[in-house]
Amino acid sequence: MLKWIASKLVSNAEKRLGVSLDYAHTIAQTDFGLMLRYGKIFGFLDPNKKVPAEAYHIARLRGAISADCGTCVEAEINLAKAAGLSAQILQATLSQDYTSLPSEFQAVAELADAVTGERQDAPEARDTLRAAYGEAGLIELSYAMNGAALLPGIKRAMGHATTCDLQTLRKLSE
């Protein structure tokens, strides 16, 4: 019964995200306790309460992109669109053309790229974010970018990751 409930929850998440979560179905069917632990990751990522939706989703998108998982990036695009992000912000985020973004959104993308993509520090970007959103906002963005980069690693380890084709994914953001 618990496996059925877990599978139903995964199916509901698939509808919300617009992508297949075959790896999550595998977890749910294998061990309910492991599924509960996996579910805690989402509690770590959500909800977005401390920063504007644009900043939050830019952080998540750049985190997922750094981990190079196509379905994860697709899910993040779908979530960003559902949150109301404009096609212009999505295109700029996906193409790394941050010049058209407001400075605090540029800083989100730069910090996410440095931390999750390059494994480096970006103190100027962090200072900009701290000034714009406070310490709580910076922490929430840290969770968003790193959490979104974590999920593809789980999928990859289980053999379910797909490589990003950013050209194709950019078309989804229009």
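Because the structure is a prediction, the values reported are computed rather than measured.

Caption draft 1: The arrangement of the overall build of the chain in detail. The number of helices and strands found in the chain is nine helices and zero strands. In summary, the chain has a C-alpha radius of gyration of 16 Å against a globular reference of 16 Å for 174 residues, a match within 12%. Referenced to the eigenvectors of the C-alpha coordinate spread, the extents of the chain come out at roughly 50 × 35 × 30 Å. Considering the chain as a whole, with its 174 residues, one finds that 43% of them fall into the buried category. Put simply, of all contacts in the chain between residues at least 6 apart along the chain, 68% involve residues at least 24 apart. As presented, the chain carries roughly 8,500 Å² of accessible surface, and 55% of it is formed by carbon and sulfur atoms. Taking the average location of the 18 positive side-chain charges in the chain and that of its 20 negative ones, the two points are 9 Å from each other.

Caption draft 2: Fine view of the environment of A53. Here A53 shows up in helix α4 (residues 53–66). For the pair A53 and E74, spaced 21 residues apart in sequence, the C-alpha to C-alpha distance is 17 Å. Excluding residues that lie within four positions of it along the chain, A53 makes contacts with N48, A83 and L85.

Caption draft 3: Quick peek at the packing of α4 against helix α5 (residues 70–82). The N-to-C vectors of α4 and α5 enclose an angle of 170°; their axes lie 9 Å apart at closest approach. Considering the angle they form, α4 stands roughly antiparallel to α5. Residue-level contacts link H57, R60, L61, A64 and I65 of α4 to C72, V73, E76, I77, L79 and A80 of α5. Its residues assigned to classes, the contact of α4 with α5 shows eight nonpolar, one polar and two charged.

Caption draft 4: Highlighting the nonpolar core. Ranked by size, the top nonpolar core spans 36 residues in total, and within it L129 and L141 carry the most contacts. Going through the elements one at a time, α4, α5, α6 (87–95), α7 (103–117) and α8 (123–158) are the ones with two or more residues in this core. Element by element, the count of residues in this core is highest for α8, at eight residues. When sequence neighbours within four positions are dropped, the list of residues in contact with L141 reads V51, A55, Y56, A59, V108, L129 and Y133. Core analysis: the second largest hydrophobic core is formed by 16 residues, L17, Y23, L45 and A75 among them.

Caption draft 5: Structural detail: the side chain of R60. Mapping R60 onto the fold places it in helix α4. Dropping the residues within four chain positions of it, R60 is found in contact with L45, D46, E76, L79, A144 and A148.

Caption draft 6: Just the pattern of salt bridges, in detail. In total, this model carries six salt bridges according to the counting rule given. Ionic pairing is found between R60 and D46, a salt bridge with its closest N-O pair at 3.0 Å. Of this pair, R60 sits in helix α4 while D46 sits in the loop between α3 (32–45) and α4; the two residues are 14 residues apart in sequence, bridging distant segments of the chain. Using a relative accessible area of 25% as the deciding quantity, one classes D46 as partly exposed. Among the salt bridges present, the one from E76 reaches R60, with a minimum N-O distance of 2.8 Å. Here R60 lies in helix α4 and E76 lies in helix α5, a separation of 16 residues in the sequence. Within this structure, D46, R60 and E76 form a network of salt bridges that share partners.

Rules behind the numbers
- Residues numbered from 1 in each chain as written.
- Predicted model: local features only at pLDDT ≥ 70, side-chain atom pairs only at ≥ 80, totals over all residues.
- Heavy atoms only, no water.
- Helix = DSSP H or I, 4+ residues; strand = E, 2+ residues; numbered from the N terminus.
- Rg over C-alpha atoms; globule rule 2.2 N^0.38 Å.
- Buried < 20%, exposed > 50% of the residue type's maximum accessible area, 1.4 Å probe, protein only.
- Contact = heavy atoms within 4.5 Å.
- Areas by Shrake-Rupley, 256 points an atom, 1.4 Å probe, with all protein chains shown as cover.
- Lys, Arg positive; Asp, Glu negative; His and termini not counted.
- Charge placed at Lys NZ, Arg CZ, Asp CG, Glu CD.
- Axes fitted to C-alpha atoms, helices over the stretch in contact; angles between N-to-C directions.
- Parallel < 35°, antiparallel > 145°, perpendicular 65-115°, else oblique.
- Nonpolar A, V, L, I, M, F, W, Y, C, P; charged D, E, K, R; others polar.
- Core = buried A, V, L, I, M, F, W, Y, C linked by side-chain atoms within 4.5 Å.
- Salt bridge = Lys/Arg side-chain N within 4 Å of Asp/Glu carboxyl O.

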